Amino acid sequence: MTAGTAWTLVVLVVALVISTRVLGAYLAWVHADTAAIGGRDDATASGSIRRRADGVFSVVERSIYRVCGIDECREQRWTAYASALLAFSLMSVLFLYGLQRLQGHLPANPTGRGAVTPALAWNTAVSFVTNTNWQNYAGESTMSHFTQMTGLTVQNFVSAAVGLSVAVALVRGLTRRRAATIGNFWVDLVRTTVRVLLPVSLLAAIVLASQGVIQNLHGVQLIHTLQHGVVQHLPGGPVASQESIKLLGTNGGGFFNANSAHPFENPTGLTNIIEIFLLLVLPFAVTYLFGRMVRDRRQGWVIFTAMFVLWIGAAGLTVGLEGQANPHLARAGVSQHLTAHQAIGNGEGEEVRFGAGASALFASSTTSTSTGAVNASHDSLTPGAGGVALFNMMLGEVSPGGVGSGLYTMLVFVLLAVFIAGLMVGRTPEYLGKKIQATEMKLAVLFIVAVPLAVLTLSAIAIATHAGRHAIANPGPHGLSEIVYAYTSSANNNGSAFAGLAADTRWFNTTLGLAMFVGRFLLIVPALAIAGSLARKPSVPATSGTFPTGTPLFAGLLVGTVLIVVGLTYFPVVALGPVAEHLTR
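The present account deals with the structure reproduced in this document. Quick caveat: nothing in here was measured; it's all calculated off a predicted structure. (Residues numbered from 1 in each chain as written. Predicted model: local features only at pLDDT ≥ 70, side-chain atom pairs only at ≥ 80, totals over all residues. Heavy atoms only, no water.)

## Considerations on the packing of aromatic side chains
- As enumerated under the stated definition, the model contains 21 aromatic pairs in all.
- Here the aromatic residues Phe284, Tyr288, Trp301, Phe304, Phe308 and Trp311 are joined through ring pairs into a cluster of three or more. (Phe/Tyr/Trp six-rings, centres within 6.5 Å; stacked < 30°, edge-to-face > 60°.)

What follows is the structure in structure tokens.
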């Protein structure tokens, strides 16, 4: 690891710890009342500030409620909450599909982009609605500005808001006693979008634009170069505004085909650090929201610690593996060392502006969350580093995962860890005063097996059929990794890819879209069902036999549970793919 990469990591860690406390407290204010988050009397200065801020946001929110016919005071049972979420998502898919098919007839299309093909429009619509943002197309040559802004960017906001809403609903289930409801989906969606994602992404967009990320409504501009008679066609567009929410909302995707490797999206080393911070900040901050809402901040820090350990471990491993010299180049006699003791590292598929260390840190962070944005080609990562990126997604992206989705996935693993601990001591497991019984564990098992079942089944079918094998660019272990990576990325709603797979086919557009649906909604529905089940339960007092969950010991148990469950599930396919490639390269 170079000194520059080490300092980047230190700056990121300090910034994330500070922002978790600050932004997490703000999230708690957004999603909980003053009493629940330990606020002071309204007569205090902080109470006065809170009232003024609430008044500003309430004007916008009440207008939305009035137009949409939403009763903000009416809460929903988990079934109604889930039904509203599914209906909203279905209509979003249909709207985005229609927008792409009709974009040639719509305004704000300076480059004259025509209709997107049916299979690709379906895949893209599902991708953005499920917070996956898998892109089987080049943004600057496929989508109009109108589609980018009105369709894709809007989904970047609301799909992230859906994830955070589900997480908050699950936390309410843990905190409420003998309650029939877990909140109102429409209110949670609006509050998250208006009070969190819009203002923070606006600030981030201003920062990015100030550092050189472009923001305009231009089409392609003709530029005369210094070489006589030679011209270049430079694309324009509202990039900074889309870049900020694609990262903040852990969406991924990109305005340009090169994604965050494009100098118009990520022009400098500073913007690279800012973008890594943006994709990590909300997933970590929601752990503090959790601690405040359950009125035990130690519980939030335990989950933060488990997520942090998984992230920092994967980041360090990826940076180390990418920093090694390429053995094939070494055998060819190519020098790969800055000094006698320091290797340049793997430079294939990476921007020279960032180098191996910054590219590896970005790759590990983007696959540890559900972002999927890239500043280098993941297909060009060393076998070991590519295997770490793949395993990050197989974890269910809980290190720290997506906005909201990382928290509710980790909470399901918490219930599993508590249940295992209860079995060890021979008593009914409890968590935050709620007994964890058969209903919760059945739902947790459904939650945990849904994605691996989709990934492994669809990967096996693709490998066994001509439609799947025909898309592989590199046969052997790497070809297997390309297919498994694609379905893992889709089912875990990440969106990054091993670009060697030619996935813009009817087969992959359809099946990858199916994997995205499974990975999003077959997890959200069980999570909401768990929330409803826990909310109905009474509180049980802690006794001397209650397993403490606000300790470093439980954080270690939680990390172990995640690694063992995921490792046992995916070990065979990982061994046949990246591990075999690493050992035989």
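Having put the structure on the table, let's press on.
## Notes on unusual backbone geometry
- Of note, the bond from Ser399 into Pro400 is cis; its omega dihedral lies within 30 degrees of zero at 10°.
- By the element assignment, Pro400 lies in the loop between helix H13 (383-394) and helix H14 (405-425).
- Even without being glycine, Arg178 reaches a positive phi, approximately 50°.
- Position of Arg178 relative to the elements: it lies in the loop between helix H6 (145-175) and helix H7 (185-210).
- Residues other than glycine seldom take positive phi values, yet Thr250 does so here, at roughly 45°.
- Structurally, Thr250 can be placed in the loop between helix H8 (239-248) and helix H9 (269-293). (Helix = DSSP H or I, 4+ residues; strand = E, 2+ residues; numbered from the N terminus.)

## Overview of the pattern of salt bridges
- Applying the stated criterion across every chain yields a total of ten salt bridges.
- Glu61 serves as the salt-bridge partner of Arg191, at 4.0 Å between the closest nitrogen and oxygen. Taken as a pair, Arg191 in helix H7 and Glu61 in helix H2 (residues 45-68) lie far apart in primary sequence, 130 residues in all. The same class applies to Arg191 and to Glu61, which are both buried.
- Its salt-bridge partner being Lys246, residue Glu243 comes within 3.3 Å of it at the nearest N-O pair. Taken together, the positions of Glu243 and Lys246, both in helix H8 and three residues apart, correspond to about one turn of that helix.
- Overall, Lys246 belongs to the buried group, its relative accessible area being 1%.
- Linked through salt bridges whose partners overlap, the residues forming this network are Glu61, Arg191 and Arg195. (Salt bridge = Lys/Arg side-chain N within 4 Å of Asp/Glu carboxyl O. Buried < 20%, exposed > 50% of the residue type's maximum accessible area, 1.4 Å probe, protein only.)

## With respect to helix H1 (residues 3-31)
- With 29 residues, H1 extends 41 Å from end C-alpha to end C-alpha; this agrees with the ideal 42 Å at 1.5 Å per step.
- Approximately 30° is the largest bend angle found in H1, and it occurs at Ser19. (Expected span 1.5 Å × (residues − 1). Bend = angle between axes of the 7 residues up to and from the residue.)

## Some details on empty space enclosed by the protein
- A complete count under the given rule lists four cavities of 30 Å³ or more for this structure.
- Taken together, 25 residues form the lining of the largest cavity, with Gly396, Thr409, Val451, Asn492 and Leu523 sitting closest to its centre.
- When contributions to the lining of the largest cavity are tallied by element, the ones reaching two or more residues are H14, helix H15 (438-464), helix H18 (506-535) and helix H19 (552-584).
- No other element matches the five residues that H14 contributes to the lining of the largest cavity.
- Within this model, the second largest cavity holds a volume of roughly 70 Å³.
- As for the second largest cavity, its lining consists of Val418, Ala421, Gly422, Val425, Arg427, Thr428, Pro429, Glu430, Gly545, Thr546 and Phe547.
- Here the lining of the second largest cavity is composed, by residue class, of five nonpolar, four polar and two charged. (1 Å grid on protein atoms, 1.4 Å probe; cavity = no way out; pocket = protein on both sides within 12 Å on 5 of 7 lines; lining within 4 Å. Points joined across faces, edges and corners; volume = space filled by probe spheres on them. Nonpolar A, V, L, I, M, F, W, Y, C, P; charged D, E, K, R; others polar.)

## Some thoughts on the pairing of strand E1 (residues 221-224)
- When E1 meets strand E2 (residues 231-234), the two strands line up antiparallel, connected through four bridges. Bridge pairing links His224 to Val231 in E2.
- Once E1 ends, the chain turns through six residues before running back antiparallel as E2, passing Gly229 with a positive phi of about 80°. (Pairing = 2+ DSSP bridges.)

None of this, on its own, says anything about what the molecule does.
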